[in-house]
Structure formats: structure tokens, C-alpha cells
Amino acid sequence: MRINYDFGDLEAFLAVKETGSFHAAAERLNLSQSAVTRRVRKLELALDSVLFERTTRAVKPTLAAKRLQARAEAILDDAHETARAMRDESVTFAHQRGAVVTLATIPTVLGRIVIPALRAFRAAGHTARLRLMDGSANEVAEAVAGGEADFGLCSIPLTDPQTVFEPLFDDPMVLAVPKDHDLASRSRVQWRALTDVPLILPARGTGNRLLIDEAMAKARLPLRWSFEAGRSTTALDLVASGIGLAPIPRSAVGSAEVAVCALEEPEIMRPIGLLSRIGQRDSVTVAALKKTVRTAV
């Protein structure tokens, strides 16, 4: 049997039944009287029953109306309860989603951006749990594109059509040297002066190494290396131990026990920014953390 009436028809019927008037029912429902009349008539046709006897002075419910009332009230109560339950679940799920924020980041910006941002985030009263995923620029991009992270902080990764990069600042490549080295007293060093020193370069395939290799190729400068290190922290430890000198992003130096010289001719800048998934709608908490990160720059 096909059902040819809806909740609005049942609401109109109950309003007329309870008020005893099409006019009063229309006022209750904020509808025109003709709209209420149409809805009741539609219900009568669907049920093949007369629900009200209309006279010039009164509207009297029929036996069919009295029998329908309890069923109509039960149907509408169930519908309202379902709507409330769905809203409550949506709020719960939204809270659960916002309860944990996952930030993917390259380790070299922890001290420069992430730690100050997290302190400010907590100081502002935010209580969401924060999960940090640290890795290379490409690993950050994969985590964001795959939905493992809410957003990322990295240098420009390999182009991914699912993500968008928002530049925050340019991070210059500097030279980390042992504090007792001859170059420690110099504020600037040219790349061509590094041909005869034990050089510690980022591992091949990393974002920092790609920047250096591309800049050296454009400048037509040969660059010999003695050591390769996968992480900037490892390179800094080697420098502090007197093993060699390392070109490294300025933000990665932090409190390392090394001296720092600016590198020029060519000057190499590493763009740092926010990486987001295209089409993603940020929760209130994620949006607040992004704003805090931008402010921390």
C-alpha cells in the first residue's frame, strides 16, 4: 500500500483536532488557513476517510479522526525522537573528531613554529588532544593527502593535486660550523669557499638536498661532500663534534652548540607553509590551531 501523506499532513490534522478550528490551527503552525485545509484534505484522500465534519459554527472530529489521533501522535513522536537522536550523534561525532587534532610536520620547524604555537594554543584555553607526526616533506604531504593528518607544516613537497600549500615564511640555508672553527667568526660565507672543507650534506632525495643540488646546478658550482645525514639533528650533532660543516635551514639550528654563518652566492631559501587537503572542512579546533600557527610565524 502506497503512503500518500507526510508528517506535515499529520501535524495539520492534530492541530485542527486539538484546537477545534482550521483558523486556530493555521495560527499555531504559522501557515495560511487554506494550506491547513489542503493538508487535511490530502490526508483524508490518502486514508479514504472523512476526518472532520465542518459546519458554519464548528469543526467536529469524526470517529476516524479519534482513531487516527493516537497513531498520528505516535508517528510524530517517533519522528521527533529520531531527529533528536541523529542531532545528538552528530554532535558527539563532531566532538570526537575535534577531540584529537593531528599535525604532520617536518622536524626542523618544531622549535621555530610548532612549540610556540602549541604553547599559545594551550594558553588560549584549548583542551583538544594534539597528535604530532614528524617526517620528511613528502611524508607530511602523504599524511595530509591521505587524511591521516588534519594539516601539515612543511617545505614545498612534490606536487600533489589533493593538497594546497599556503606559504608562511622563507627559511634561509645557513652554514653550521664548530664553535672553534676558523669560519666561526665570520657572518657570511660563499658556497664556493666550501670546496676544501669536510662537508655534511642532507641525504639524497630529501627536500633540503634537492634545494641545494638545484641551486648548485644553476650556479654551476661543484659541491663535494664527505658525509650525508638523513636528519638535520644528526648533521648538527656531527658539526658540534667537530666532524664537519653542514648547510642547514636556519630554523633547524635551534639551541645546537654550533656557530652559524649566512650562505650566499647563491642564497638558498626554503619556503615553509601550511599544507591542507583540498575540499576539507576544518573543525573549529583545527581552524583555531591553524590560526595560532600563522600567528607564531
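Structure first, text after, so check above.
Let us look at the structure shown here. Sequence positions are assigned chain by chain, starting from 1 and proceeding in written order. Local features in a predicted model are, by the rule used here, given only for residues with pLDDT of at least 70; side-chain atom pairs are given and counted only at 80 or more, and totals for whole chains, interfaces and linings are based on all residues. For side-chain calculations, the full set of non-hydrogen atoms in the structure is used, while hydrogens and water are omitted.

Attention now moves to the overall build of the protein. Strands are runs of DSSP state E lasting at least 2 residues, helices are runs of H or I lasting at least 4, and numbering of each runs from the N terminus. Scanning the protein from N- to C-terminus turns up ten helices and twelve strands. Here the C-alpha radius of gyration of the protein, 34 Å, is well above what a compact globule of 297 residues would show, namely 19 Å. Expressed along its principal axes, the backbone C-alpha trace of the protein runs to roughly 110 × 35 × 30 Å. Here the protein holds 297 residues, and 38% of them are scored as buried. Note on areas: these come from Shrake-Rupley sampling with a 1.4 Å probe, and a residue is covered only by the protein chains present in the view. About 17100 Å² of surface is accessible on the protein, with carbon and sulfur atoms providing 51% of the total. Treating the 38 positive side-chain charges of the protein as one cloud and the 35 negative ones as another, the clouds have centres 6 Å apart. For a compact globule the rule gives 2.2 Å times the number of residues to the power 0.38, and the radius of gyration it is set against comes from C-alpha atoms. Only protein chains enter the accessibility calculation, which uses a 1.4 Å probe; a residue is then buried when its area is under 20% of its type maximum, exposed when over 50%, and partly exposed in between. The sign given to each residue is positive for Lys and Arg and negative for Asp and Glu; His and the chain ends receive no count. Charged groups are reduced to one reference atom each: NZ for lysine, CZ for arginine, CG for aspartic acid, CD for glutamic acid.

Our next topic: unusual backbone geometry. Each neighbour pair has its own omega, and for Glu265 with Pro266 the value is 5 degrees, a cis peptide bond. Along the chain, the position of Pro266 falls in the loop between strand 11 (259-264) and strand 12 (269-277). Phi at Arg220 takes a positive value of approximately 55 degrees, unusual for a residue other than glycine. Mapping Arg220 onto the fold places it in the loop between helix 7 (207-219) and strand 9 (227-229). A relative accessible area of 76% places Arg220 in the exposed class. In the Ramachandran plot, Glu265 falls in the positive-phi region, its phi being about 55 degrees despite a non-glycine side chain. Residue position: Glu265 is located in the loop between strand 11 and strand 12. For Glu265, a relative accessible area of 45% puts it in the partly exposed group.

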